[in-house]
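Here's the letter readout for the chains.
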Amino acid sequence: RTELQQKVLQKYGFGNRFGKRDDDGRWFVEVQVALDEAPMLFVSECTSDDDGKEGTKEGLTAVSQLALEGLARLRAEWDAKPRQELTEVFPDWIPIRDSSESRCWASFWKHKPSVVGIDTEGNHKKGAPVLVQIAVEDGDFTYCILDVPQNDRISKNMQRLLQDDSITKVFCDNYAHFDKKSLGIPVEKDHDWTSGSIVDIESVAARRLGPVKVARGVGRIVTLVMPELNVVIEKPRQVKGNMKSRMQRIGRFALIEQGKLPPLKGVKELKREEKHYAALDALATLRAYRRLIAEKKHEVNGGALLDYELCVSGIEVVESA
């Protein structure tokens with residue numbers, strides 16, 4: 001199971017669910033590889049008991065090996081795809097608006113969007129993050145507001161945005177919810193982040209693409225929901241042993257967070273590349289969300305994949321001989 005998880009499922013963010021069939025007790029795994037497509041179902045001959053550790057291990061091992069073999073060609077196709085960073089996939093410069101300028105928020109509230117993408121930088125410390133990015137893409141308007149918290153507090157307009165239930169705020173947070181927590185958003189256990197005024201595409205993707213053990217991240221989600229790109233989106237590459245590369249990868253925001261650089265006084269201190277890099281995560285989050293909610297052919301309550309008995313005719317089934 002470890003090989004299947006690490007080399008296929010986690011690597012590409014494929015949704016998956018392991019279990020035993022009710023009718024004959026055979027171990028199976030469902031693998032979701034694309035949005036709005038029925039999952040592939042792999043059914044082994046193994047019927048070992050799932051009450052004990054050894055029986056469960058035997059069942060998972062049997063069906064994982066079957067899935068590895070059945071996914072071999074698909075895995076080869078994905079391995080052959082070009083690797084690119086988000087900045088290569090979306091190279092166009094994003095118009096930036098400085099939150100400290102009065103006309104920035106005045107224009108935002110005058111043309112209030114129904115949904116925005118939000119991301120933060122430097123969010124592992126206590127208090128407000130180093131930078132907040134708010135992406136807007138509404139008709140002819142595409143831009144990103146950059147907000148620099150002062151005195152460890154987010155701006156009044158940012159607070160107003162978070163409290164406005166008429167605007168959907170979209171995040172792509174890992175399971176630790178650092179973005180939300182850094183903005184003072186309460187995070188309760190088992191909260192449903194797929195609806196309401198604050199949503200998370202990690203949760204929406206789990207419902208639409210199937211659950212995963214490790215958070216997908218915005219790159220994997222964009223890769224899965226925009227197959228027309230025909231690439232695998234990866235995090236910025238680092239040259240091994242190259243300290244300059246490491247510093248570029250960590251970035252100014254993390255160094256500020258760690259206290260190795262002074263806090264930002266404003267957006268104007270940022271380089272053009274830093275602004276674009278920060279804004280792109282928020283914009284990519286918003287675009288992925290729109291794609292995820294475009295159609296809901298296979299949405300399932302609780303984030304599980306399609307039930308075997310309900311849709312067996314629509315699943316590609318691979319059974320062991």
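Refer to the structure printed above.
A. Quick peek at the overall build of the protein chain. Counting secondary structure elements, the protein chain contains twelve helices and twelve strands. A total of 321 residues make up the protein chain; the buried ones form 50% of that total. Put simply, 65% of the contacts in the protein chain that link residues at least 6 apart link residues at least 24 apart. Approximately 16700 Å² of the protein chain is accessible, and the part contributed by carbon and sulfur atoms is 48%.

B. Inspection of the nonpolar core at higher detail. Of all hydrophobic cores here, the largest spans 65 residues; its most connected members are Phe14, Leu71 and Leu292. Per-element accounting of this core gives the leading share, ten residues, to helix 11 (residues 272-294). Residues contacting leucine 292, with those up to four places away along its chain left out, are Leu35, Ile201, Val204, Ala205, Arg208, Leu209, Ile221 and Val225. In terms of nonpolar packing, the next biggest core, distinct from the first, is built from 22 residues, Cys104, Phe108, Met158 and Leu162 among them.

C. Main features of the pairing of strand 9 (residues 168-171). Side-chain alternation along strand 9 places Thr168 and Val170 on one buried face and Lys169 and Phe171 on a second face that is also buried. Examined bridge by bridge, strand 6 (residues 115-121) and strand 9 share three bridges and lie parallel to one another. Bridge pairing links glycine 117 to valine 170 in strand 9. The sheet contact formed by strand 9 and strand 10 (residues 198-200) spans three bridges and is parallel. Along strand 10, the bridge assignment pairs phenylalanine 171 with aspartate 200.

D. Region of the structure containing the packing of helix 1 (residues 2-12) against helix 2 (residues 53-70). Running from amino to carboxyl end, helix 1 crosses helix 2 at an angle of 30°, the nearest separation of the two axes being 9 Å. Relative to helix 2, the element helix 1 is oriented roughly parallel. For helix 1 against helix 2, the interelement crossing comes out left-handed. Across from Glu3, Leu4 and Val8 in helix 1, the residues of helix 2 making contact are Ser64, Ala67 and Leu68. Split into classes, the residues belonging to the contact of helix 1 with helix 2 amount to four nonpolar, one polar and one charged.

E. Looking closely at the sheet that holds strand 7 (residues 131-138). In space, the six strands of this open sheet follow the order 5-8-7-6-9-10, with mixed pairing throughout. Each of the sheet's edge strands pairs with one partner strand only, and the pair in question is strand 5 (96-98) and strand 10. Pairwise comparison of adjacent strand axes, ignoring direction, gives a mean angle of 30° for this sheet. In the sheet, strand 5 pairs with strand 8 (residues 141-147) via three bridges, with the strands oriented parallel. Looking across to strand 8, one finds that aspartate 98 is bridged to leucine 146. Sheet strands in contact with helix 5 (residues 102-110) are strand 5, strand 6, strand 7 and strand 8, and its direction is about 135° off that of strand 8. Helix-sheet contacts for helix 6 (residues 156-163) involve strand 6, strand 7, strand 8 and strand 9, and the interaxial angle to strand 6 is about 130°.

F. Just the packing of helix 5 against helix 6, in detail. One way to put it is that helix 5 packs onto helix 6 with a least axis distance of 11 Å and a crossing angle of 20°. In this view, helix 5 runs roughly parallel relative to helix 6, as classed from their interaxial angle. In this structure, helix 5 meets helix 6 at a crossing whose hand is left-handed. Taken together, the residues of helix 6 that come into contact with helix 5 (itself represented by Trp105, Phe108 and Trp109) are Asn157, Met158, Arg160 and Leu161. Residue classes in the contact of helix 5 with helix 6 are distributed as five nonpolar, one polar and one charged.

Cut-offs used in this document
Residues take numbers from 1 onward in each chain, read along the sequence in its written order. Local features are withheld for residues below a pLDDT of 70 in this predicted model, meaning they are given only at 70 or higher, and side-chain atom pairs are given and counted only at 80 or more; totals for whole chains, interfaces and linings count all residues. Water and hydrogen atoms were dropped before computing side-chain values, which therefore reflect all heavy atoms in the structure. By the criteria applied, helices consist of DSSP H or I runs no shorter than four residues and strands consist of E runs no shorter than two, each listed in order from the N terminus. Summary of the burial criterion: residues with accessible area below 20% of their type's maximum are buried, those above 50% are exposed, and those between are partly exposed, where the area comes from a 1.4 Å probe applied to protein chains only. In this description, contact between two residues means that some pair of their heavy atoms is separated by no more than 4.5 Å. Each accessible area value is a Shrake-Rupley result obtained with a 1.4 Å probe; residue values ignore everything except the protein chains displayed when judging cover. For this analysis, a nonpolar core means a set of buried residues of the types Ala, Val, Leu, Ile, Met, Phe, Trp, Tyr and Cys, connected via side-chain atoms within 4.5 Å. Should DSSP find at least two bridges between two strands, the strands are regarded as paired. Note on definitions: angles span 0 to 180 degrees between N-to-C directions of axes, and those axes are lines fitted to C-alpha atoms, for helices only across the stretch in contact. Any angle that falls under 35 degrees is termed roughly parallel, while one over 145 is termed roughly antiparallel, one within 65 to 115 roughly perpendicular, and all others oblique. Helix crossings get a hand from a simple test, with the near helix turned counterclockwise from the far one by less than a right angle marking a left-handed crossing and a clockwise turn marking a right-handed one. Note that Gly is not counted as nonpolar here; it falls among the polar residues with everything else outside the nonpolar set of Ala, Val, Leu, Ile, Met, Phe, Trp, Tyr, Cys and Pro and the charged set of Asp, Glu, Lys and Arg.

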